[in-house]
Amino acid sequence: MSARRREPGKSVTSRVVEILGAFDEVHTGLTLTDVARRSGLPLSTTHRLVHELEDAGLLTRDSVGGFHIGLRLWELGQLANSRLREVAHPWLQELFDSTRENVQLGVRDGFEVLYLDKVYGRRAVPIISRVGGRLPMHTTGVGKALLAFQPTWFLQSYLARKLERPTPFAITEPGRLSRELAITRNRGWAITKEEMTLGSCSLAAPIRDAEGKVIASIGVVLASRRAGELDGLVQPVLSTAAEVGRAYAASGDARHLVTT
């Protein structure tokens, strides 16, 4: 995240958002000067607000003076989509137990897939996704399973962007990606082969609510040398996605999980 230009007249809330936004998966520990630079706020303003956030438990300070996201903010964050995670987790665990592969749950947030949960073992192929992390939709299994079922206006907006290309195998040409998404819609599940990370492939299926709307997706990730085993995982992943959808519908939680 690059430093933002200073803008006069910002509300306190917007300044707090800028400060919290200075932290990400790469910049987990920042000095006051770092926070000021990355948020684009004056050092004096940063100093005051950071210490207020520290007092509230939203930020914490380490032994050498660096600031980190605090446990209170983490605690509040666990409330987001918590019901879906609670409902889905036993099914994710069951899918992992039967496959011994990485299992992930994700939702769409803007143009990215946001990972809500995952189950993995020490023998599974290493993956870069993390709970609370985001990745491009078109290069990941769970993301592609979500992207394929978005309305036309969203797909047009997505394809009009400059698409990320984390590996040479990522599909970034709009026409080719459109065809890939059409195939995904028709067969009901998505695959990726070294499109996000070299050495791994994935298979994912959408999770639908009681009205049939895609609200999330679930997928497995395994080593690309075992890509031939993906066909055998189609039915277990589809079945798990369906079970999660039914369980979530039965939970009576009608909150929207997809954001614009």
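Rules behind the numbers
- Residues numbered from 1 in each chain as written.
- Predicted model: local features only at pLDDT ≥ 70, side-chain atom pairs only at ≥ 80, totals over all residues.
- Heavy atoms only, no water.
- Helix = DSSP H or I, 4+ residues; strand = E, 2+ residues; numbered from the N terminus.
- Contact = heavy atoms within 4.5 Å.
- Axes fitted to C-alpha atoms, helices over the stretch in contact; angles between N-to-C directions.
- Parallel < 35°, antiparallel > 145°, perpendicular 65-115°, else oblique.
- Left-handed = near helix turned anticlockwise from the far one by under 90°.
- Nonpolar A, V, L, I, M, F, W, Y, C, P; charged D, E, K, R; others polar.
- Phe/Tyr/Trp six-rings, centres within 6.5 Å; stacked < 30°, edge-to-face > 60°.
- Buried < 20%, exposed > 50% of the residue type's maximum accessible area, 1.4 Å probe, protein only.
- Lys NZ or Arg CZ within 6 Å of the ring centre and 35° of its normal.

So, on to the environment of Leu 181. Tracing the chain through its elements places Leu 181 in helix H8 (residues 174–187). With 81 residues separating them in the primary sequence, Leu 181 and Arg 100 have C-alpha atoms 28 Å apart. Those residues in contact with Leu 181, other than ones at most four positions away along the chain, are Lys 144, Leu 147, Ala 148 and Leu 155.

In this section: the packing of helix H2 (residues 32–39) against helix H3 (residues 43–55). For the pair H2 and H3, interaxial distance at closest approach is 9 Å and the crossing angle is 115°. By the angle between their directions, the pair H2 and H3 is classed as roughly perpendicular. Crossing angle aside, the handedness with which H2 passes H3 is right-handed. Together, Leu 32, Thr 33, Val 35, Ala 36 and Ser 39 of H2 and Leu 43, Thr 46, His 47, Val 50 and His 51 of H3 make up the contact between the two elements. Grouping the constituent residues of the contact of H2 with H3 by class yields 5 nonpolar, 5 polar and no charged.

Let us now look at the packing of helix H1 (residues 12–21) against H3. Working note: a packed helix pair is described by the angle between its axes plus the distance between those axes. Contact pair H1 / H3: the axes reach a minimum separation of 10 Å and the direction vectors enclose 80°. Viewed along their axes, H1 and H3 adopt a mutual orientation that is roughly perpendicular. Contact residues: Val 12, Arg 15, Val 16, Ile 19 and Leu 20 in H1; Thr 45, Thr 46, Leu 49, Val 50 and Leu 53 in H3. Here the residues of the contact of H1 with H3 sort into 7 nonpolar, 2 polar and 1 charged.

As enumerated under the stated definition, the model contains 4 aromatic pairs in all. Both rings, one in Phe 154 and one in Tyr 158, keep their centres 6.3 Å apart while their planes meet at 35°; by these two values the pair is tilted. Note that Phe 154 and Tyr 158 are positioned in helix H7 (residues 152–159) at a spacing of 4 residues, about one turn of the helix. On the basis of relative accessibility, which here comes to 3%, the residue Phe 154 falls in the buried class. Through successive ring pairs, a cluster of aromatic residues spans Phe 111, Trp 153, Phe 154 and Tyr 158. The ring of Tyr 158 has Arg 161 lying over it, and the distance from NZ or CZ to the ring centre is 4.7 Å. One Lys or Arg, Arg 187, reaches over the ring of Trp 189 and ends 4.2 Å from the middle of that ring.

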